[in-house]
Structures are given as structure tokens and as C-alpha cells.
Amino acid sequence: MQRDALALQRDALALQRDALALYRDALALQRDALTLYRDALALQGEALTLYWDALALQSIAKFNSLRINEMLYLVQFIFH
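Rules used in this analysis
- Residues numbered from 1 in each chain as written.
- Predicted model: local features only at pLDDT ≥ 70, side-chain atom pairs only at ≥ 80, totals over all residues.
- Heavy atoms only, no water.
- Helix = DSSP H or I, 4+ residues; strand = E, 2+ residues; numbered from the N terminus.
- Rg over C-alpha atoms; globule rule 2.2 N^0.38 Å.
- Buried < 20%, exposed > 50% of the residue type's maximum accessible area, 1.4 Å probe, protein only.
- Areas by Shrake-Rupley, 256 points an atom, 1.4 Å probe, with all protein chains shown as cover.
- Lys, Arg positive; Asp, Glu negative; His and termini not counted.
- Charge placed at Lys NZ, Arg CZ, Asp CG, Glu CD.
- Salt bridge = Lys/Arg side-chain N within 4 Å of Asp/Glu carboxyl O.
- Phe/Tyr/Trp six-rings, centres within 6.5 Å; stacked < 30°, edge-to-face > 60°.
- Patch = residues over 30% accessible without salt bridge, like charges linked within 9 Å, V, L, I, M, F, W, Y side chains within 5 Å.

Draft legend 1. Here's a closer look at the overall build of the chain. Looking only at helices and strands, one finds one helix and zero strands in the chain. Here the C-alpha radius of gyration of the chain, 34 Å, is well above what a compact globule of 80 residues would show, namely 12 Å. Counting only C-alpha atoms, the chain reaches 115 × 15 × 5 Å along its principal axes. In the chain, which comprises 80 residues, the share counted as buried stands at 0%. Total accessible area on the chain is roughly 7900 Å²; 67% of this is exposed by carbon and sulfur atoms. With 8 positive and 9 negative side-chain charges, the chain shows a separation of 5 Å between the mean positions of the two kinds.

In C-alpha cells:
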């Protein structure tokens, strides 16, 4: 009977060790997930910056296009 109790206690300790190892693994995975989330937020910030830069460049291109059209109109007006 005492031998059975000791065997059960050993099994319980082994299960506890396994549970702690799984808990450590879960914590490591959670840490990795948080790192990935932080990286994703940084990439999202960079994407927003690129978006604003693209909008600024688009505005500049539209302005330049208007200026070119204006110059072409003036050239046409002068030579006709």
C-alpha cells in the first residue's frame, strides 16, 4: 500500500513537472506573440508614413501637371 502511494506521488510530481514545462512553453509563445504584435504595429506605422508620403507626392505631381498644362496653354496662346 505504501509502495502504491509512493508511486502515485512520483507520478503526480512527474505530471507537475510536465505542467510546469508546458506553462514555460506557453509563456515563451506568448512572449513571441507579443514581439510579433509589436513588430506588426511598427510596420503599420511605417505603412502609414509611406501612405502620407505617397499622398504628398501625388499632390506635388498634380500641381506640376497643372503648371505644365498652364505653360502649354500659354505657349499655344503665344504662337497662335
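Draft legend 2. Representation of the pattern of salt bridges within the structure. Applying the stated criterion across every chain, the model contains one salt bridge. Across the salt bridge formed by Glu-70 and Arg-67, the nearest N and O atoms sit 3.6 Å from each other. In this pair, Glu-70 and Arg-67 both sit in helix 1 (residues 2-79), three residues apart, roughly one turn of the helix.

Draft legend 3. Broad picture of the packing of aromatic side chains. Applying the stated criterion across every chain yields a total of one aromatic pair. Taking 5.8 Å as the distance between ring centres and 70° as the angle between the ring planes, the aromatic pair formed by Tyr-51 and Trp-52 counts as edge-to-face. On the basis of relative accessibility, which here comes to 47%, the residue Tyr-51 falls in the partly exposed class.

Draft legend 4. Representation of a nonpolar patch on the surface within the structure. Nonpolar side chains collect at one region of the surface, where Tyr-73, Leu-74, Val-75, Phe-77, Ile-78 and Phe-79 lie side by side and expose about 730 Å² of accessible area between them. Tracing the backbone through its elements, the reader meets Ile-78 in helix 1. We classify Ile-78 as exposed; its relative accessible area is 61%.

Draft legend 5. Quick look at the environment of Asp-53. Mapped onto the elements of the fold, Asp-53 is located in helix 1. For Asp-53, a relative accessible area of 41% corresponds to the partly exposed category. Spatially, the C-alpha atom of Asp-53 lies 38 Å from that of Ala-28, the residues being 25 residues apart in sequence.

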